[in-house]
Every structure is written in C-alpha cells, then in structure tokens.
Amino acid sequence: MAKIKQRYDGVVIGAGIAGMQASLDLAGQGFDVLLVERQPSIGGIMVGLNKVFPTLDCSSCICTPRMAEVAHHERITLLTYTELDKIERHNGAFRVSLTKKPRYVVEEDCIGCGKCELACQPLAPHEFDYGLGARAAIYIPHGNAIPQLPVLDPDYCIFDGNCARVCPTNCIDFTQQPEPVEVEAGVIILTTGLKTTPMDAKKEYGGGKYLNVMNPLAMERIQSSNGPYGHILRPSDGKIPKSIAYVQCAGSRDKSIGVPYCSRVCCMYALKHGVMIKHELHDAEVTIYYMDIRAFGKGYEQFYRRALAEGVRCVKAKVARITEADNHDLVLRVELIDEGGRVADIRHDLVVLSQGLIPGWKPDGTVPVELDSDGFLKVRDLAVRSAYSSTDGIFVAGVATGPKDIPDAIVEAGAAAMEAAMYLDRMGWRAEAEPVGAGA
Amino acid sequence: MSEAVRNWREDLKVFRERTGGLTESKKAMTKEQRDVTKAIQEALKGGPRTVPEIAAQTGIPSHKVFWYMIALKKYGKVAEAGQAGDYYQYAWKEATS
C-alpha cells in the first residue's frame, strides 16, 4: 500500500475521469492530494468504453495516459480498493475515515506478472465485462488497470494455494484484513460518478431476464477491441447479430421508475454504437427507436447526420414491450409515431436498452452534503457556483451532480480543482504545515 | 520489498476457516466448471465446432457453452477456427488424446 500521510490538502473521492482530472489539476497547483477509489483500478467507466463521441477517438487511449499521470504524480497519493466510511468536520477542515479492503496481495512486493491468475482455476463473471466474460478468483482487473495488481476474491477461492505456489515474490498474503485509514484534509472533492438504472427497472423490456437484452455499458465492452468476445456477438449463443435494436429512454424521462430527467448521453452513445456496429458488421441493421434525438453538443448534430448517412436507422417510436421468440431472438412491440401510431411487432437478434444514468453513490449520512430532488449531489448555485456542494470546503464534479458527457465532466473537474485551490488559499491550509494543536 | 516472512500454507488454512471454507456451493461451482470444460473438450475432439453445435451435442444450454468458450479462449485453451454461417467455430488448442 502506498505510504499514507496523516494530512492532505485535498481528498478526492472517486477515480473516474472527473476524479483523476480534479486530482491532476489540484496537484498541478502544488497541493497534496489523496485520490480514493473503491474499485481495484482507477479509470472508472471511461476506461471500459470503446470510443468517445462524436470524434470516435479510442476512449481508453484518452483515459490511460491520465491514469498513468495520476499514478506517477509526486503530489498524488493513490488509494485503490478503498471504501469511504465517513467525512466529518474537524478543526476547521475535514477528517476522512476510509477502509482499505484486502487484496490478499502485498502491493509493494507484487510485480504484476499475472502468474497467480493463470494458475488459478475457478472462473467467475468478470465485473469489468459486466459478467459477459470470465476472470479467475485472483485476477488483475484488466489490461489497462492501474495499479497492475491482482485482487483475490474470497467468494470464488477454492483454497488450493495455486496462486501462492507460483508467485515469484511470495506476495500472496492470506492474513490481510480490512484496514482502517484516517486522514485530515483541507478540502474534499466528490467525483462519485454514475451507474445505470437496474436492468429490470422496466419489467416490460425483459432486462435481466432475456439473454439478448443488454445494458449499454456491456455493449461497449462487446464492441471494444479488448472486450470479452473480440467481436460483436450476442450472449445467448455467440451469433453474429444481423439485426440490432436500441430502445431509447429505457430508464430516463420516465416518472414511473423515478427517473424523470433526460440522461443526456444515451442518444449519442446509441448513434455511436450504431456507427461502430456498421463499421464492423457491414450487413447488419441497426435500428434506434427514439422519442426525440437530443444531439446538443459540439459536433453532435453532425454526428447524428453521419450515423444516418452510414445506414443507422432512427425510427420515432415508443417500445411497449419486448418478448422472447425462439432461438432467443426478441420481438419488440412498437408504436410507430411517423406511421400514424401503427403498432407493429418487429424481430431483432439483439436489443440494447439505453438505460438512464443514476447516482453511483449516495452519502446516506456519511458525508455532510445535501442531495438534489433528482438524487444527485446538490450544487449550491448552478449558474455561478457549479463546483460547490451544499457544504463549504466540499466540492463536486462530474456525473455525481447529474448526467453529463465526458467533456463536461472534465471541465467541471477542472473548475472544482480551481475552486478547491482558492478555498485552501483562503483558509491558509497546507498539509505540510503542522496540524492545529500538534505538539501540545 | 516488505520484510515480512510469509508462510502461505499456514496462512491459507486460517484464511479458509475465516472465509467460510469450501462450501457446498463452491463445490458445485467447481464441479460444473470441470464438467462443462470437459464436455466442450470432448465435443471439440471431432474438429472445430460452433457454440450451437456444441450445445446440441452436449445438451448444455448455448449461453453457458458460449460463456465457458469465451473463458477458455481468454485463458488459452481454445481458439477461433474460422466461421460457419453466422457463428465462429472454436478448436481446442491442447492435445486432446
């Protein structure tokens, strides 16, 4: 484990793209930052995406240099596989209580060779691939993971000792326990990200029940060159799909499931998926069933036109329900708005639900910040104080405050770092200074 | 390097006790993984096959065959071996005798 100091200028919670950017921007101004991530690797959701819209740049190619920069920055300390327990006011600053979960690997001894994973026999659904692929009980999270260290999952360990037997540095440590970590910090930046609405939130769509009804993030993994399949295939039988449907607003703009807002990225990622599918599967049909296409960002409308030109079909329709046909094909009952509301049953090989974005974390009393009516972290004043939470000294950025795309999340992260730096200067807090009352 | 001296064999015994030991569900998981892997290996003795072909031959649901096939491919046991219609074919990489 990295050497943890008792005091930092800032603690950033969540090491997705926003958290990494906020850490870099705060550390770049000379402040000491502790970046905390609950997953075993930093990078968040972005490192698992295939491409970014509208440029179709490789997502991990943008994300991994930032991950490396974070890991090597002399003013950033990285604490992965660590849960946030509590943040409370303390001596005019904050006391942050964390729990470092056991990897069962001595981090300073491990050389990341991966021999333990190859020697380990049990197979488990791989979280990074949304269960579509497998991992061993001890595994390095993915090829781009930082740190490149394995983590042992006791739920799948069969205690054969193979991992320890082959380890060249004897770094498997079965004695590790959860380890409390407590630090002080002048400011907090919350970049706690997102998750998608549950697969079964809309029962009528069969998510979580039908094998070929998919989560959009899982579809990103399928399309990625380092994804589980290496090709675009469907999960039920490995078939190369010839007809793929996207159901828009399948978890957004829907009061019935408590998500009345637009998730802001679904139209664009569906169009991006459509283009990428057409690039790989030239004869495949991609149909996007939508209420209205919201292509509002720079270059987004042009990308929408490009998708249409490349053969992606956008059909204004409302999908009423999805049923499973023989051979795990899916039948969508749709109301075709541009055909006078005609109802049709349309068969597809694979269906992606464009699920809504919801908060990836809720404070639940552990951190003194308020939530907005949509469940995301409350921003003090969206017009002029968009990086301020409801509490002085706690700043917010990225999807923690509401759905947004990657460029907006990065801009907000920079703003949060700047506001945090000015706050630190105003209060005169520097981690290198002696704590209040020290030596007394 | 840390200076701790670890006796992983002794530590493993304690770890096993502390985390609930080899439960019935873990035994069942291990057996299924062994059985499905063996069935796929047997099915591929006759040459490259698609997932539906293996599912039909073994009686194992196609989604399960596919999941294991992807896992076996990841860990170097099988490889893609061409395409048959809308499906990839897979071949066992290790000696099957």
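Residues numbered from 1 in each chain as written. Chains lettered and ligands numbered in written order. Predicted model: local features only at pLDDT ≥ 70, side-chain atom pairs only at ≥ 80, totals over all residues. Heavy atoms only, no water.

**Student:** Give me the lowdown on the overall build of chain A, citing residues and values where you can.
**Tutor:** From N to C terminus, chain A includes eight helices and 22 strands. Computed over its C-alpha atoms, the radius of gyration of chain A comes to 23 Å, within 12% of the 22 Å expected for a compact globule of 440 residues. With the C-alpha coordinates aligned to their principal axes, the bounding extent of chain A is approximately 80 × 60 × 35 Å. Counting over 440 residues, chain A shows a buried share of 60%. In chain A, of all internal contacts separated by at least 6 residues, the share reaching a separation of at least 24 is 67%. Total accessible area on chain A stands at roughly 17000 Å², and carbon and sulfur atoms take up 50% of it. Across chain A, the centroid of the 47 positively charged side chains sits 4 Å from that of the 55 negatively charged ones. (Helix = DSSP H or I, 4+ residues; strand = E, 2+ residues; numbered from the N terminus. Rg over C-alpha atoms; globule rule 2.2 N^0.38 Å. Buried < 20%, exposed > 50% of the residue type's maximum accessible area, 1.4 Å probe, protein only. Contact = heavy atoms within 4.5 Å. Areas by Shrake-Rupley, 256 points an atom, 1.4 Å probe, with all protein chains shown as cover. Lys, Arg positive; Asp, Glu negative; His and termini not counted. Charge placed at Lys NZ, Arg CZ, Asp CG, Glu CD.)

**Student:** Which residues make up the environment of Leu-194 of chain A, and what values go with them?
**Tutor:** Looking at the secondary structure, you find Leu-194 of chain A in strand 13 (residues 194-196). Overall, the relative accessible area of 22% leaves Leu-194 of chain A in the partly exposed class.

**Student:** An account of the interface of chain B and chain A is requested, with residue identities and associated values reported.
**Tutor:** Listed by partner, the interface residues are 35 residues for chain B and 52 residues for chain A. At the junction of chain B and chain A, the tally comes to 20 residue pairs in polar contact (both at pLDDT 80 or more). Those elements that place two or more of their residues in the side of chain B that touches chain A are helix 1 (8-18), helix 2 (24-43), helix 3 (51-58), helix 4 (62-74), strand 2 (78-84) and strand 3 (87-92) of chain B. Ranked by residue count, the leading element in the side of chain B that touches chain A is helix 4 of chain B, at nine residues. Here the side of chain B that touches chain A is built from residues that sort into 17 nonpolar, eight polar and ten charged. (Polar contact = N/O pair within 3.5 Å; in protein donor to acceptor, adjacent residues only side chain to side chain. Nonpolar A, V, L, I, M, F, W, Y, C, P; charged D, E, K, R; others polar.)

**Student:** Quick one: what's the story with the pattern of salt bridges, residue by residue and with numbers?
**Tutor:** All names here are of chain A. If you walk through the whole model with that rule in mind, you get 40 salt bridges over all chains. Between Glu-107 and Arg-103 there is a salt bridge; the shortest N-O distance is 3.2 Å. Among the residues examined, Glu-107 registers a relative accessible area of 19% and is labelled buried. Measuring nitrogen to oxygen at the nearest pair gives 2.7 Å for the salt bridge that ties Arg-234 to Asp-329. Placement of Arg-234 in the loop between helix 5 (216-223) and strand 15 (243-247) and of Asp-329 in the loop between strand 17 (313-324) and strand 18 (330-336) is noted, with a sequence separation of 95 residues between them. The class for Arg-234 is buried, based on a relative accessible area of 0%. What makes Asp-329 buried here is its relative accessible area of 9%. (Salt bridge = Lys/Arg side-chain N within 4 Å of Asp/Glu carboxyl O.)

**Student:** Got a sec to walk through the confidence of the model for chain B? Specific residues and values, please.
**Tutor:** Averaged over every residue, the pLDDT of chain B is 93; residues scoring 70 or more account for 92%. ipTM for the predicted complex: 0.94, alongside a pTM of 0.95. (pLDDT = per-residue confidence, 0-100.)

**Student:** Tell me about the nonpolar core, residues and numbers included.
**Tutor:** Grouped together as the largest cluster of nonpolar side chains are 62 residues, with contacts concentrated most on Met-219, Tyr-246, Leu-271 and Ile-277 of chain A together with Ile-40 of chain B. Per-element accounting of this core gives the leading share, nine residues, to helix 6 (residues 266-280) of chain A. Those residues in contact with Ile-277 of chain A that sit more than four places away from it in its chain are Met-219, Gln-223, Ile-232, Ile-244, Tyr-246, Ala-284 and Val-286 of chain A. Core analysis: the next-biggest nonpolar cluster, separate from the first, contains 41 residues, Met-46, Ile-76, Trp-429 and Ala-431 of chain A among them. (Core = buried A, V, L, I, M, F, W, Y, C linked by side-chain atoms within 4.5 Å.)

**Student:** Which residues make up the sheet that holds strand 3 of chain B, and what values do they have?
**Tutor:** Residue and element names in this part refer to chain B. Taken together, the three strands give an open sheet; going across it, the order is 1-3-2, and neighbouring strands pair in antiparallel fashion. Among the strands making up the open sheet, the edge pair consists of strand 1 (49-50) and strand 2. Inspection of the sheet shows strand 2 paired to strand 3 by five bridges, in the antiparallel sense. When the sheet's bridge partners are listed, Glu-80 is paired in strand 3 with Tyr-90. (Pairing = 2+ DSSP bridges.)

**Student:** Please give an account of unusual backbone geometry that cites residues and values.
**Tutor:** Residue and element names in this part refer to chain A. The amide bond that connects Phe-53 to the next residue, Pro-54, takes the cis arrangement and shows omega of 0 degrees. Mapped onto the elements, Pro-54 comes out in the loop between strand 3 (51-52) and strand 4 (57-58). Backbone torsion omega between Ile-146 and Pro-147 reads 0 degrees, so that peptide bond is classified as cis. Relative to the elements of secondary structure, Pro-147 occurs in the loop between strand 10 (138-139) and strand 11 (151-152). For Phe-159, which is not glycine, the phi torsion reads 60 degrees and is therefore positive. Along the chain, the position of Phe-159 falls in the loop between strand 11 and helix 4 (162-166). At Arg-264, a residue that is not glycine, the phi angle is positive and equals roughly 70 degrees. Mapped onto the fold, Arg-264 is located in the loop between strand 15 and helix 6. Of the residues examined, Arg-264 reaches a relative accessible area of 33% and is grouped as partly exposed.

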